[in-house]
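Structural features, examined
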Amino acid sequence: MITHLVNARLIDPATGRDAPGALRLRGGVIEDVAWGAFPVPGEGRVVDCGGQALAPGLIDMRVFVGEPGARHRESHRSAGEAAAAGGVTTLVQQPDTTPPLDEAALVQFTLARARQASPVNVHAMGALTRGLAGRDMTEQRFLLDAGAVALTDADHAVADAKVFLSCLRYATSTGALVVHHPQEPALSAGTCATSGEFASRLGLPAVPALAERMMLARDLALVEATGARYHADMLSTEAALGPLSRAREAGLPVTAGVSIHHLTLNEFDIADYRTFFKLAPPLRAETDREAMVAAVASGEVDVIVSSHLPWDEEAKRLPFESAATGAVGLETFLPACLRLVHAGRMTLAALFERASLAPARLLGLPGGRLARGAPADLVLFDPDAPFVLDRDTLHAKSRNTPFDRQRMQGRVRGTWVAGVRVFG
Amino acid sequence: MIAHRHLLGIAPLSPADITTILDLSETYVTLNRQRDKHVERLRGRTQVNLFFEASTRTQASFELAGKRLGADVLSMQIAASSMRKGETLIDTAVTLNAMHPDLLVVRHGESGAVDLLAQKVNCAVVNAGDGRHEHPTQALLDALTIRRRKGRLQRLTVAICGDIANSRVARSNILCLNAMENRVRVIAPPTLLPAGIERFGVEVFTDMEEGLKGCDVVMMLRIQNERLDGAAVPSRREYFHRYGLTADKLALAAPDAIVMHPGPMNRGVEIDPNVADDIDRSVISEQVEMGVAVRMAVLDLLAGGRGDGA
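Residues numbered from 1 in each chain as written. Chains lettered and ligands numbered in written order. Predicted model: local features only at pLDDT ≥ 70, side-chain atom pairs only at ≥ 80, totals over all residues. Heavy atoms only, no water.

1. Re the packing of helix α7 (residues 210–226) of chain A against helix α8 (residues 241–249) of chain A
Residues and elements named next belong to chain A.
- For the pair α7 and α8, interaxial distance at closest approach is 9 Å and the crossing angle is 15°. Between α7 and α8, the crossing angle belongs to the class labelled roughly parallel. Note that α7 runs across α8; the crossing there is left-handed. When α7 is examined against α8, the residues R213, L216 and L220 are found in contact with a partner set consisting of P243, L244 and A247.
- In the contact of α7 with α8, the residues fall into five nonpolar, no polar and one charged. (Axes fitted to C-alpha atoms, helices over the stretch in contact; angles between N-to-C directions. Helix = DSSP H or I, 4+ residues; strand = E, 2+ residues; numbered from the N terminus. Parallel < 35°, antiparallel > 145°, perpendicular 65-115°, else oblique. Left-handed = near helix turned anticlockwise from the far one by under 90°. Contact = heavy atoms within 4.5 Å. Nonpolar A, V, L, I, M, F, W, Y, C, P; charged D, E, K, R; others polar.)

2. As for the interface of chain B and chain A
- Taken together, the 21 residues of chain B in the interface contact 16 residues of chain A.
- Both sides of the chain B and chain A interface together cover about 1600 Å² of buried area, and 53% of this is carbon and sulfur.
- Sorting the residues of chain B by area buried against chain A places E110(B), S111(B) and F200(B) first, and these three jointly supply 30% of that buried surface.
- Across the chain B-chain A interface, the total number found is one salt bridge.
- For the salt bridge of E197(A) with R199(B), the shortest nitrogen-to-oxygen distance reads 3.2 Å.
- The tally of links from chain B across to chain A stands at nine residue pairs in polar contact (both at pLDDT 80 or more).
- Contributing elements (two or more residues each) for the side of chain B that touches chain A: α3 (85–97), α4 (113–118) and α6 (168–179) of chain B.
- No other element matches the four residues that α3(B) contributes to the side of chain B that touches chain A. (Buried area = accessible area lost by both parts, 1.4 Å probe. Salt bridge = Lys/Arg side-chain N within 4 Å of Asp/Glu carboxyl O. Polar contact = N/O pair within 3.5 Å; in protein donor to acceptor, adjacent residues only side chain to side chain.)

3. Describing unusual backbone geometry
- Cis geometry is found at the peptide bond from E67(A) to P68(A), where omega equals 0°.
- Residue position: P68(A) is located in the loop between β6 (58–63) and α1 (76–85).
- Residue P264(B) follows G263(B) across a cis peptide bond; omega there is -10°.
- In this structure, P264(B) sits in the loop between β9 (258–260) and α10 (273–276).
- Phi at N7(A) is positive, roughly 60°, even though this residue is not glycine.

4. Some thoughts on the side chain of R185(B)
Residues and elements named next belong to chain B.
- Positionally, R185 belongs in strand β6 (residues 183–187).
- With relative accessibility at 10%, the residue R185 sits in the buried group.
- For R185, the side chain forms a polar contact with the main-chain oxygen of G211, separated by 2.7 Å.
- Residue contacts for R185: discarding those within four places in its chain leaves T157, V158, A159, I160, E203, F205, E210, G211, L212, K213 and C215. (Buried < 20%, exposed > 50% of the residue type's maximum accessible area, 1.4 Å probe, protein only.)

5. Structural notes on helix α2 (residues 57–68) of chain B
Residues and elements named next belong to chain B.
- Here α2 spans 16 Å end to end across twelve residues, near enough to the 16 Å set by a 1.5 Å rise per residue.
- For α2, every residue scored as buried is listed here: T58, Q59, S61, F62, A65, G66 and R68.
- Looking one or two residues beyond α2, the residue adopting positive phi is G70, at roughly 90°. (Expected span 1.5 Å × (residues − 1).)

6. Remarks on the pattern of salt bridges
Residue and element names in this part refer to chain A.
- Within this structure, the stated rule accounts for 39 salt bridges over all chains.
- When the shortest N-O distance is used, the salt bridge between R71 and E67 registers 3.8 Å.
- In this structure R71 comes out as partly exposed when scored by relative accessible area, which is 48%.
- When the shortest N-O distance is used, the salt bridge between D145 and R141 registers 3.0 Å. One end of the pair is D145 and the other is R141, both in helix α3 (residues 140–145) and four residues apart, which spans about a single turn.
- With relative accessibility at 54%, the residue D145 sits in the exposed group.
- One salt-bridge network, held together by shared partners, links E286, R289, E290 and R345.

Written as structure tokens, this is what we have:
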């Protein structure tokens, strides 16, 4: 089947181009890209994009899906529907399921489930250590052969430097990308806010921002010693950016991500003990947020993730310290990211570089570009359409969004996966 | 009158609110010293004391306050260990709410828990201490004690000494004393100071002798035993040596400085028994007396029926 998407504003992060044009889709891929005046379509369906933006679908490399073990929080189907509604055409499942994805068979199982149930592309990361316990490394080769695109212990930092060194050293022979959550565990244990005047006034147990820099600095020393490929999954503090850039200048194979929450919210949002803003890492000072925005705009930080972490209502209807940690993000991913564009901090092409092309490159996936032969994974959106988010309208099973009742700008009008329209 | 539905903390109160509460408290101090200590301000009202964290004196004080105002008072101790905390909190709130109480007095071990509960009920809620956040009636009773002893509640230098980091009493007192335009000092080892304390509008001292110089009021805080074993302080005896209030250290404060403690005291840990029992300096018993009066004033202002035709 042939589909023509005509009269579009094409955004290609690979070339940085942002101009009118049209696409011809066939067999699940982009068959042709026409910049400028669009040609008169031949056979096939024609979709008039009405001049709205058409870009490669977002690739979200940090998503929690509750299969196996917590389908009441999010199934592959509900996560996929939320993703499609948010313009995300590929999501990467984290391995912190129940049981964790620490064996090849479990990775195969969840990917098979996903391919039956999800309207979008699903990949998974495998666990870095067995049971995410930080003691014994997993079978890296088997996990990669089963389809894992990287290895990580998700929210769990590997405290034991010897274990982490082994994982990195072994990964140089398997080629695995090691993804780590750099939070010094002893300082982070039992905390739910960032140390400072505000958390002290609220009386919340807090972690100093330097807990992130400390763990990152350790990791970078081990990367230097081994040469393994390393990705810091979510940085959130200004203090961590110095060690990161020095490591890059030294030519280490290091990359970093940041969650959209840490680019758009700050520690003051937890005022009145609003548990939907309880995240890990905790929301930071405005100076940190500002530094992270600058770092992602300059490309110093490579990837933006939604850090989608669904929780049922009961888990959040608790006092702040006891409440569950995390927020959903798939469905609001694009509008939230567009805040950076509307604030004049990034171009649309740069945004899609960070949230589509960069993760694709990092994980060896084919998306993230408008080019002949690229997958026809696309999002059509009106970058300016204003709306007020009502969480009851979300597609996800869990609706713990920090953006409830907030003004957003930018609406997804259509999402295509392998040339098939899955939303809009 | 105060224009508040609940008393969740000192933070929302204006100086005028604080003065209103203290002025009304004075009338209850007088009442409480009479043989007949009963008025009918809360007749027909139901007050439920809901304590998720063990307390003897605060609960007794609120219970007595409610009874002296003529309310029907029910006190419930809910051990946090026997149930999963959060479920208990909202479920209990909803259950109690269905019984139409007029006042809920709540203590909980987690910061913000009382705010959360207040969102789920229709009646007035009084925070009797939430985690490390606030303990407003303690700060108000301290303010009343100071005002009576010093004749004013402005332009005084008040030193708060001890475990500031984990103390809701310290937070509420800092807010209250600052609102009334006093100079507040905090004195503690660095391990017991919360992050950002220098931005609370206080002077920070880690040397107790420096911090006490010229103070009008010395407010000691209780330190939990588990923090004295090397976690935050090397030992009990080193803590007493450096941060325990002794007569020698107190001599550095103003000659008429008063000594306060929210209780219960650890004698020989944060305070020398001779200082605690010095009737010329220690106002610790008076604080307990003021506690009942202040709580009567708060309960009266929140549920006493002014303005609703009762």
